[in-house]
Each structure stands twice: as structure tokens, then as C-alpha cells.
Amino acid sequence: MADECFGHPRLAAIYDSLDPDRSDLDAYVHMAEEAGARRVLDIGCGTGVFALLLADRGIEVVGVDPAEASIEVARGKPGSERVRWICGDVSALPPLQVDLATMTANVAQAIVDPDLWQQTLGRAYESLRPGGRLMFETRDPARRAWEEWNRVDSYHVTEIPGVGAVESWVEVTDVSRPLVTFRWTYVFAADGQVLTSASTLRFREREEVEADLFAQGYAIDDVREAPDRPGREFVFLAQRPEAG
């Protein structure tokens, strides 16, 4: 089930405007180019920002996401015909042989169910060619990022063309480690509509993620910091070993 901020048509339509700075994706684009990836599976592609960045560079991309409203936004963007969009989780994927599979931003942490997490890692593994890589990020629990998620620090009014002013803020509603639940609130000045979206993220320790990857057959190439958020995130680069 997709969170309302991705699954509600009105919220999906303004998602990119509320979060316009996607410089966090630059490192992923660089790593994809560094790996010489020609075919990429973007798991949790959302509104398609990363998938389209890759497609603009001539890379063949499959984007999969369970939120139909977000997929519709992606399909409406210039150049979207260059990406194969699939609405669903990894169980909806056809047989693939890609060079790289990715989960950017919160995607890995948003898969909170342990069985679905294992299924996602396993299906990504099956979709990789031998020697292909999986790349994703997850926050370091030791940094306790949720302590910074509050109305005072997050409150913002965004003027969106054709929509008007939208107030937004986030508040944590429950911390039951390793799960953290928070709620975004959106107020549309044009008609006064108030929409909310609850989300839960799973904060996995580095050792837990490494064990999960090994259990699915991956070799771990590297665990890096996110260049734009040093000390806050783990960026995992894992590989499906070469055949033989």
C-alpha cells in the first residue's frame, strides 16, 4: 500500500514541487555511469525523477512503483516514453537482465515488512545479470534522524503554479525502534482542503543489512557515505557474483 503522499492524485501531482532539490540523485547518476550501466531497474521509482535522469543519458530504464498516482505523474513527463513504467511491487516485474538495480531516497527503509524486504532483495538479484550491482541507501540509526522531524523545522509554504500556496509540515507520531512513524500535513490555500499522509520507515543497522544481502547471495562491494549527507546514511553497493 503506497503512502498518501505518493498514492493520492492531488498529492502526487505536487510532490516534485514540494521537494525540488534532488541533488541527492547526482551521486547515483555518477555511480551508474561509473559502472557503465546500460540497463537499470529503478525500484520505487515514484514520479520518475531518477529514471528520467538516466533515460536522458541513453540508459534503458525499467521503473516500478506501487503508487499508481505517482506512476501517472511519471508517465506525463517529457521523455517518459523512454522508460518502461510498471505499477506494482517487485512481484509485478517481468524477467529482466539489468546491469544495475537501485533504490534511492527512502525506498529501502519504506519496505518495513521483513518478508517483503527479503522478497525485494531476492527479486532484484534475479533481475541482475551475473556481475550486475544493486545500489541503495538507508539512514544510520545512530544519527536518530527522526528527532529533527517536527513542525517548527519543517513548516513551509510553497507557491505552486496552477495550484496556489500549499502549507506543509511533518510530525513524528511513534518511535518503536526499528520503526519510526510520522505524518505529513498539507493545506491547500485555494480551497482549504487538508490532506495528511502517514509513513513508516524501518531503521536497519548496517550489520543487519549486510546479513540480509549475504542471505540473498550478494557480495558486498562497498558501503559508502552519501556525499551530500556525510555521517548520516549508508550507501550499499552489492553485486550478483559472476557465474562460474
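Residues numbered from 1 in each chain as written. Predicted model: local features only at pLDDT ≥ 70, side-chain atom pairs only at ≥ 80, totals over all residues. Heavy atoms only, no water.

Student: Break down the pattern of salt bridges for me, with residues and values.
Tutor: What the rule picks out here adds up to 19 salt bridges. Between Arg75 and Glu72 there is a salt bridge, with its nearest N and O atoms 2.8 Å apart. Of this pair, Arg75 and Glu72 both sit in helix H5 (residues 68-75), three residues apart, which is roughly one turn of the helix. Taking the shortest distance from any N to any O, the salt bridge between Asp221 and Arg133 comes out at 2.8 Å. Separated by 88 residues along the polypeptide, Asp221 in strand E10 (residues 219-224) and Arg133 in strand E5 (residues 128-139) bring together distant segments of the chain. On the basis of relative accessibility, which here comes to 37%, the residue Asp221 falls in the partly exposed class. What emerges from the salt-bridge pattern is a single network uniting Glu34, Asp222 and Arg224. (Salt bridge = Lys/Arg side-chain N within 4 Å of Asp/Glu carboxyl O. Helix = DSSP H or I, 4+ residues; strand = E, 2+ residues; numbered from the N terminus. Buried < 20%, exposed > 50% of the residue type's maximum accessible area, 1.4 Å probe, protein only.)

Student: Got a sec to walk through the sheet that holds E10? Specific residues and values, please.
Tutor: With respect to topology, seven strands assemble into an open sheet ordered E3-E2-E1-E4-E5-E11-E10, the strand pairing being mixed. Since the sheet does not close on itself, it has two edges, and those belong to strand E3 (83-87) and E10, each with one partner. Taken over all neighbouring pairs, the strand axes of this sheet differ in orientation by 15° on average, direction set aside. Sheet topology note: the strand E2 (residues 60-65)/E3 ladder contains five bridges and is parallel. Note that in E3 the partner of Asp65 across the bridge is Cys87. The sheet strands contacting helix H3 (residues 26-34) are strand E4 (98-103), E5, E10 and strand E11 (233-239), and the helix crosses E5 at an angle near 165°. (Pairing = 2+ DSSP bridges. Axes fitted to C-alpha atoms, helices over the stretch in contact; angles between N-to-C directions. Contact = heavy atoms within 4.5 Å.)

Student: Residues and numbers for the nonpolar core, please.
Tutor: Leu41, Leu93, Met103, Leu134, Phe136, Leu213 and Tyr218 are the most contacted members of the largest nonpolar core, which totals 28 residues. Residue assignment for this core shows that the elements contributing at least two residues are strand E1 (39-43), E2, E4, helix H6 (107-110), helix H7 (114-127), E5, helix H9 (206-215) and E11. Looking at this core element by element, the count peaks at four residues for H7. Excluding residues within four positions of it along the chain, Leu213 makes contact with Leu121, Leu134, Phe136, Tyr218, Ile220, Phe236 and Ala238. Cys45, Ala74, Trp85 and Leu237 belong to the second-largest nonpolar core, a separate cluster that totals 24 residues. (Core = buried A, V, L, I, M, F, W, Y, C linked by side-chain atoms within 4.5 Å.)

Student: I'd like a rundown of the sheet that holds strand E8 (residues 179-188), residues and numbers included.
Tutor: The pairing of strands in a sheet happens through backbone hydrogen bonds and is either parallel or antiparallel. Pairing is antiparallel across the open sheet formed by four strands, whose spatial order is E6-E7-E8-E9. A strand with exactly one partner marks an edge of an open sheet, and here the two such strands are strand E6 (156-160) and strand E9 (194-202). Pairwise comparison of adjacent strand axes, ignoring direction, gives a mean angle of 25° for this sheet. Sheet topology places E6 next to strand E7 (residues 164-176); five bridges connect them, and they run antiparallel. When the bridges of E7 are listed, Ile160 appears paired with Gly164.

Treat this as a map of the structure, not an account of what it does.
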